[in-house]
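# Summary of the model geometry
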Amino acid sequence: MMRNDAEYKARLSPLAFHVTREAGTERPFSGEYWNHHGSGSYACICCGSPLFDSAAKFDSGTGWPSFGRPAEGAKIEERVDRSIFMKRVEVRCQTCDAHLGHVFDDGPAPTGLRYCINSVALEFKPR
């Protein structure tokens, strides 16, 4: 469900609003999930859509939660991002258009991908 900015501001922390609605980034090693090892799934903080599974999470050493692939059936959209004078691939929630982070091609096998996601964009749901 898409909400307006006032509804998101009322529901989210200021940092979560900045990251998800204004395409911001949390500082590395500051988020709740960068060093989280629980078994479960990670959903969009804005709409609750399932995005990633803990089985695909790995320690990339970057200070952000990193995943080798989205969860099966995850509604994730990838867009070209040239906002900082370089070409990156932005990751957004397809359900509510929340900015989640970026995906890079330096991850482990078998995908070779690293979905580098802001902790404040996620909500952990234990199994």
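Residues numbered from 1 in each chain as written. Predicted model: local features only at pLDDT ≥ 70, side-chain atom pairs only at ≥ 80, totals over all residues. Heavy atoms only, no water.

On to the sheet that holds strand 9 (residues 122–126). The strand order across the open sheet built from 3 strands is 2-1-9, with neighbouring strands paired in antiparallel fashion. Where the open sheet ends on each side, the last strands, each with one partner, are strand 2 (50–53) and strand 9. Between one strand axis and the next, the sheet turns by 30 degrees as a mean value, whatever way the strands run. Where strand 1 (residues 40–44) and strand 2 come together, 3 bridges link them in antiparallel fashion. Across the sheet, residue Ala 43 finds its bridge partner in strand 2, namely Pro 50. (Pairing = 2+ DSSP bridges. Helix = DSSP H or I, 4+ residues; strand = E, 2+ residues; numbered from the N terminus. Axes fitted to C-alpha atoms, helices over the stretch in contact; angles between N-to-C directions.)

Quick look at the side chain of His 99 now. In this fold, His 99 is placed in strand 7 (residues 99–104). Here Glu 90 takes part through its side chain, which lies 2.7 Å from a polar atom of the side chain of His 99. Leaving out residues up to four positions away in the same chain, His 99 has contacts with Val 19, Thr 20, Ala 23, Gly 24, Glu 90, Val 91, Arg 92, Asn 118 and Ala 121. (Polar contact = N/O pair within 3.5 Å; in protein donor to acceptor, adjacent residues only side chain to side chain. Contact = heavy atoms within 4.5 Å.)

Bringing the packing of aromatic side chains into the picture now. Overall, the coordinates contain 7 aromatic pairs when judged by the stated rule. Taking 6.4 Å as the distance between ring centres and 50 degrees as the angle between the ring planes, the aromatic pair formed by Tyr 33 and Phe 124 counts as tilted. One end of the pair, Tyr 33, is in the loop between helix 2 (14–22) and strand 1; the other, Phe 124, is in strand 9, and 91 residues separate them in sequence. Each member of the pair, Tyr 33 as well as Phe 124, is classed as buried. Seen from their ring centres, Tyr 42 and Phe 67 are 5.2 Å apart, and the 70 degrees between their planes marks the pair as edge-to-face. Placement of the pair is Tyr 42 in strand 1 and Phe 67 in strand 4 (residues 66–67), with a sequence separation of 25 residues. Each member of the pair, Tyr 42 as well as Phe 67, carries the same accessibility label: buried. Taking the ring centre of Tyr 8 as reference, the NZ or CZ of Arg 21 above it sits at 3.9 Å. (Phe/Tyr/Trp six-rings, centres within 6.5 Å; stacked < 30°, edge-to-face > 60°. Buried < 20%, exposed > 50% of the residue type's maximum accessible area, 1.4 Å probe, protein only. Lys NZ or Arg CZ within 6 Å of the ring centre and 35° of its normal.)

With respect to the helices and strands, the residue Ala 16 is situated in helix 2. For Ala 16, a relative accessible area of 4% puts it in the buried group. Sequence-wise, Ala 16 and Cys 93 are 77 residues apart; in three dimensions their C-alpha atoms are separated by 14 Å. In contact with Ala 16, other than residues within four places in its own chain, are Arg 21 and Val 120.

On a regular strand, each side chain points to the face opposite its neighbour's, so the side chains alternate between the two faces of the sheet. Of all 6 residues that make up strand 7, 5 are buried, and the element is covered over most of its length. Alignment of strand 6 (residues 88–93) against strand 7, held across 4 bridges, turns out to be antiparallel. Counted as the bridge partner of Arg 92 is His 99 from strand 7. Hairpin connection between strand 6 and strand 7: a loop of 5 residues separates the two successive antiparallel strands, and Asp 97 in this loop has a positive phi of roughly 70 degrees. Note that strand 7 and strand 8 (residues 114–117) share 4 bridges and pair antiparallel. Its bridge partner lying in strand 8, Phe 104 is registered against Arg 114.

These values are about where atoms sit, not about what they do.
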